[in-house]
Amino acid sequence: MSTPEPVLVMIYNADGGLLNAVRDSFWKTFAPASYPCALCALAFGFFTVKREWKAFLNRVPFETIELHRDDYRKHLPGFEEKLPVILLRDERGGVRIVASADEMNAMGDLSQLIELAERRLAPVRDKRARGAV
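Residues numbered from 1 in each chain as written. Predicted model: local features only at pLDDT ≥ 70, side-chain atom pairs only at ≥ 80, totals over all residues. Heavy atoms only, no water.

1. Regarding the overall build of the chain
Here is the rule we go by: A run of H or I in DSSP counts as a helix once it spans at least four residues, and a run of E counts as a strand once it spans at least two, with each numbered from the N terminus. We compute the radius of gyration from the C-alpha atoms alone; for a globule the expected value is 2.2 Å times N to the 0.38, where N is the number of residues.
Per the secondary structure count, the chain includes six helices and four strands. Across the chain, helices and strands are ordered from the amino to the carboxyl terminus as β-α-α-α-β-α-β-β-α-α. For 133 residues, the compact-globule estimate of 2.2 N^0.38 gives 14 Å, and the C-alpha radius of gyration of the chain, at 15 Å, lies within 12% of that figure. With the principal axes as the frame, the chain shows a C-alpha extent of 50 × 30 × 25 Å.

Here is the structure:
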């Protein structure tokens, strides 16, 4: 039996679906101070994911999953944390925070989020590279 791999999980403080995405695009553009999802604001342009964020996610050596405020509980029952949040679900089912809502709310740009995530994911990535996981 193989050991499950770690999974990087991004939970947006926004609901899923095309209509919600369109509404959120206008909201974060025209009223950014009141927009509730710092992860969306940092990682997305008007309609699409920013090139730097996509490149970062492509470098992550494990699966990535994007969830929304209206659907994350069916994937992570019992998980309660202020949204948005980025977390790592480890091979044993444990969860550790990679970037909290408060941290993302304090960030000025995407490069800060990428730097923080890379720093916090490095021990897991290095451990896997050594075959210790």
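2. Some words on the side chain of aspartate 24
For clarity, the cut-off: For this analysis, residues touch if any pair of their heavy atoms sits within 4.5 Å.
Relative to the helices and strands, aspartate 24 resides in helix α1 (residues 18–30). With sequence-adjacent residues up to four places away left out, aspartate 24 is seen in contact with Ala14 and Tyr35.

3. Quick look at the packing of aromatic side chains
Here is the rule we go by: Stacked, tilted and edge-to-face are the three classes assigned to paired rings of Phe, Tyr and Trp, where Trp is represented by its six-membered ring and a pair needs centres within 6.5 Å; plane angles under 30 degrees give stacked, over 60 edge-to-face, the rest tilted. Burial classes: relative accessible area under 20% of the type maximum marks a residue as buried, over 50% as exposed, and values in between as partly exposed (1.4 Å probe, protein chains only).
Summed over the entire model, instances satisfying the criterion amount to seven aromatic pairs. A centroid spacing of 5.1 Å and a plane angle of 85° characterise the contact between phenylalanine 26 and phenylalanine 46, whose relative ring orientation is edge-to-face. Of this pair, phenylalanine 26 sits in helix α1 while phenylalanine 46 sits in the loop between α2 (38–43) and α3 (51–59), placing them 20 residues apart in sequence. Residue classification places phenylalanine 46 among the partly exposed residues on the basis of a relative accessible area of 32%. For the ring pair phenylalanine 46 and phenylalanine 47, a centre distance of 4.5 Å and an interplane angle of 80° mean the geometry is edge-to-face.

4. Comments concerning α3
Using the following cut-off: In this context, the arc is that of the directions from the helix axis out to the C-beta atoms.
Among all positions of α3, only Trp53, Phe56 and Leu57 are buried. Down the axis of α3, the sector holding all buried residues measures 95°, keeping them to one side. Facing away from the buried side of α3 by over 90 degrees, the exposed positions are Arg51 and Asn58.

5. Some thoughts on the confidence of the model for the chain
Any segment with low pLDDT has predicted coordinates that should not be analysed in fine detail. Threshold: The pLDDT value expresses, per residue, how confident the predictor is, ranging between 0 and 100.
Residues with a pLDDT of 70 or more make up 92% of the chain, whose mean pLDDT is 89. Ranking the helices and strands of the chain by mean pLDDT puts helix α5 (residues 101–105) first, with 97, and α1 last, with 86.

6. Some points on the pairing of strand β4 (residues 95–99)
Basically, it comes down to this: One bridge is not enough; two strands pair if DSSP finds at least two bridges between them.
Pairing geometry for strand β3 (residues 85–89) and β4, over four bridges, is antiparallel. Along β4, the bridge assignment pairs leucine 87 with isoleucine 97. Hairpin remark: β3 followed by β4, antiparallel, with five residues in the connecting loop; positive phi at glycine 93, about 90°.

7. Section: the pairing of β3
Buried residues dominate β3, accounting for four of its five residues. Sheet analysis places strand β1 (residues 7–12) next to β3, joined by five bridges and oriented antiparallel. Bridge pairing in β3 places valine 9 opposite leucine 87.

8. Details of the pattern of salt bridges
For clarity, the threshold we go by: One speaks of a salt bridge when a side-chain nitrogen belonging to Lys or Arg is within 4 Å of a carboxyl oxygen belonging to Asp or Glu.
Summed over the entire model, instances satisfying the criterion amount to eight salt bridges. Arginine 92 is paired through a salt bridge with aspartate 90; the nearest N and O atoms lie 3.9 Å apart. According to the relative accessible area criterion, arginine 92 is exposed, its value standing at 65%.

9. Comments concerning the nonpolar core
One broad trend across soluble globular proteins is that nonpolar side chains are buried collectively. Worth spelling out the cut-off: Side-chain atoms within 4.5 Å link the members of a nonpolar core, which is a set of buried Ala, Val, Leu, Ile, Met, Phe, Trp, Tyr and Cys residues.
Judged by nonpolar contacts, the single largest core of 29 residues is most densely connected at Leu8, Leu39, Trp53, Phe56, Ile86 and Leu113. Elements supplying a minimum of two residues to this core: β1, α2, α3, β3, β4 and α6 (110–129). No other element matches the seven residues that α6 contributes to this core. Contact partners of phenylalanine 56, with chain neighbours within four places excluded, come to Leu8, Ile114, Ala117, Glu118 and Leu121. Core analysis: the next-biggest nonpolar cluster, separate from the first, contains 10 residues, Val7, Leu67, Phe79 and Leu87 among them.

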